[in-house]
Amino acid sequence: MRPLVRTMLKGSLKQIRHVTAVPRHEAKGLVADVYDRAGREFGILAPPLALHSPAPEALAACWVLLRETLLVDGRAGRAAKEAVATGVSQANECAYCVDVHRAKLQTLTGPDTAPLAAVTDWARHLTTAGGPQRPVPFPAEHAPELLATAVTFHYLNRMVRLFLPDSPVPDAAPRAGRGPALRIVARAMRPDTGTTVTAGASLGLLPAAPLPAALAWARPEPAVAGALARAVACVDASAEHWVPEPVRELLHAELAVSDGTPPGPSRAWLAPLTDRLAPDQRPAARLSLLLALAPYQITDADVTAFRAGRPGDRELVELAAWASLTAAVRAGSRFAVPLPDARPTRPAPAGG
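Residues numbered from 1 in each chain as written. Predicted model: local features only at pLDDT ≥ 70, side-chain atom pairs only at ≥ 80, totals over all residues. Heavy atoms only, no water.

Visitor: Please provide a residue-by-residue account of the overall build of the protein, values included.
Guide: Along the backbone of the protein there are 15 helices and zero strands. In the protein, buried positions account for 53% of the 352 residues. Taking the intrachain contacts of the protein between residues at least 6 apart in sequence as the baseline, contacts between residues at least 24 apart amount to 79%. As displayed, the protein offers around 14,900 Å² of accessible surface, 54% of which is attributable to carbon and sulfur atoms. (Helix = DSSP H or I, 4+ residues; strand = E, 2+ residues; numbered from the N terminus. Buried < 20%, exposed > 50% of the residue type's maximum accessible area, 1.4 Å probe, protein only. Contact = heavy atoms within 4.5 Å. Areas by Shrake-Rupley, 256 points an atom, 1.4 Å probe, with all protein chains shown as cover.)

So this is what it looks like as structure tokens:
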């Protein structure tokens, strides 16, 4: 078992597709800073984080989101957040994230995850269109943290489906060893001894920004709200530098009328939307729409078409991050969960 786990950890960055992650020993500047923080506070340099490294600002945005929503123990504990991560990943059919976060949940609760099954189920149905409002299986004051975790995984699931395989466990691994190996890796996903993951300590990586109105439910938790606001502003700013305005307008328009229901197995919906654009804008528009609305329909040909005009790793990561986070914010705008009527908010933490 241990050789399998060592192989998984040592070769994990080689699983990343379409881009080359910055090796840890070559990291500089912002990338090195995020890598160091992840090593201390997460325990491993996880591929879903490292795949962002060709675009340093996107890497920082991903880390700030992941850290402030999932890793910080706030009003809601880590186990409840892992239950949310598992449920959202199930809803998005992201097998890689389901494997990792279900295994982490089991390391926190033991084999019996039944006490948190209702949280997983709630998260899995969080954006179901047209359904009745579901009971909230946790104290109302936990909602901002758990909703923010859901937004983070609506984002990460899309990135993972593009850049990573269906499981972190190598295909050649024996079936009987997959579960135990995942749980051993999950146990490694913890802060260094003596390290406290303090709310808000990552916010200084990104400039302050206003919270999008769609995520107003996060305001009672300033560190969570700050992470969402700064990450969205950072990713949007990167896209605005080079993603054509018609592409950005098209994605926003389609998300505005989407109720979250996947378009189905056919890609017939895609061409009528992208054909109205200039030919050199269509590959970016196609990939953006697929990431946001139907990541299961992305093919290698879609990436190849985009890279014919934009060959750099950085641009592919920035486009994917922008489309994925824009879709995640749209998902967050549809969350319907009761929040406390009134309570004092925590003082805003200092970024560091």
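Visitor: How would you explain helix α7 (residues 117-124) if you had to name every residue and give the values?
Guide: Listing the buried residues of α7 in full gives Val119, Thr120, Trp122 and Ala123. One face of α7 carries all of its buried residues, which in axial projection span an arc of 160°. For α7, the elements touching its buried residues are α5 (78-91), α6 (95-109) and α8 (143-163). (Arc of directions from axis to C-beta.)

Visitor: Let's hear about the side chain of Glu41: which residues, and what values?
Guide: Along the chain, Glu41 turns up in helix α2 (residues 29-41). Judged by relative accessible area, Glu41 falls into the buried class, the value being 12%. Within polar-contact distance, the side chain of Glu41 engages the side chain of Arg67 at 2.6 Å. With residues up to four places along the chain from it excluded, the contact list for Glu41 reads Trp63, Arg67, Leu71, Arg190, Pro191, Thr195, Thr196 and Val197. (Polar contact = N/O pair within 3.5 Å; in protein donor to acceptor, adjacent residues only side chain to side chain.)

Visitor: Help me get a handle on empty space enclosed by the protein, residues and values and all.
Guide: If you walk through the whole model with that rule in mind, you get one cavity of 30 Å³ or more. Estimates place the volume of the largest cavity at around 30 Å³. Every residue along the wall of the largest cavity is listed here: Glu57, Ala58, Cys234, Val235, Ser238, Glu318 and Ala321. Of all the secondary structure elements, the ones that give two or more residues to the lining of the largest cavity are α4 (56-71), α10 (222-242) and α15 (313-333). Looking at the lining of the largest cavity element by element, the count peaks at three residues for α10. Residue composition of the lining of the largest cavity, grouped by class: four nonpolar, one polar and two charged. (1 Å grid on protein atoms, 1.4 Å probe; cavity = no way out; pocket = protein on both sides within 12 Å on 5 of 7 lines; lining within 4 Å. Points joined across faces, edges and corners; volume = space filled by probe spheres on them. Nonpolar A, V, L, I, M, F, W, Y, C, P; charged D, E, K, R; others polar.)

Visitor: So what's going on with the nonpolar core? Which residues, and what values?
Guide: If you look at the biggest cluster of nonpolar residues, it comprises 114 residues, and the most contacted ones within it are Tyr155, Phe163, Trp217, Leu228 and Trp322. The leading source of residues in this core is α8, at 13 residues. Leave out the neighbours within four places in its chain, and Trp322 touches Val235, Asp236, Ala239, Val243, Val247, Arg248, Leu251, His252 and Ser288. (Core = buried A, V, L, I, M, F, W, Y, C linked by side-chain atoms within 4.5 Å.)

Visitor: Describe in detail unusual backbone geometry, supporting the description with residues and values.
Guide: One non-glycine residue, His18, lies in the positive phi region at around 75°. Note on placement: His18 falls in the loop between α1 (2-10) and α2. With a relative accessible area of 26%, His18 lands in the partly exposed category. With a phi angle near 55°, Glu93 is a residue other than glycine that sits in the positive phi range.

Visitor: Got a sec to walk through the environment of Thr127? Specific residues and values, please.
Guide: Counting through the fold element by element, Thr127 comes out in the loop between α7 and α8. Look past the residues within four positions of Thr127 in its chain and what remains in contact with it is His154, Asp259, Ala331, Arg334 and Phe335.

Visitor: Please set out the pattern of salt bridges residue by residue, giving values where relevant.
Guide: Tallied over the full model, the rule gives 13 salt bridges. One salt bridge in this structure joins Asp302 and Arg267, with 2.8 Å as the shortest N-O distance. On the criterion of sequence distance, the pair formed by Asp302 in helix α14 (residues 300-309) and Arg267 in the loop between α11 (245-257) and α12 (270-274) is long-range, its members being 35 residues apart. Taking relative accessible area as the criterion, Arg267 reaches 30% and is therefore assigned partly exposed. Its salt-bridge partner being Arg307, residue Asp313 comes within 2.5 Å of it at the nearest N-O pair. A relative accessible area of 22% means that Asp313 is categorised as partly exposed. (Salt bridge = Lys/Arg side-chain N within 4 Å of Asp/Glu carboxyl O.)

Visitor: I'd like a rundown of α8, residues and numbers included.
Guide: A rise of 1.5 Å per residue sets the reference length of α8, with its 21 residues, at 30 Å; its end C-alpha atoms lie 30 Å apart and thus fit the reference within 8%. Of all 21 residues that make up α8, 20 are buried, and the element is covered over most of its length. (Expected span 1.5 Å × (residues − 1).)

Visitor: I'd like to hear about the environment of Arg178, residue by residue, with values.
Guide: Position of Arg178 among the secondary structure elements: in helix α9 (residues 175-188). Residues Arg178 and Ser167, spaced 11 residues apart in sequence, show a C-alpha to C-alpha distance of 9.7 Å.

The values are spatial; any link to function lies outside them.
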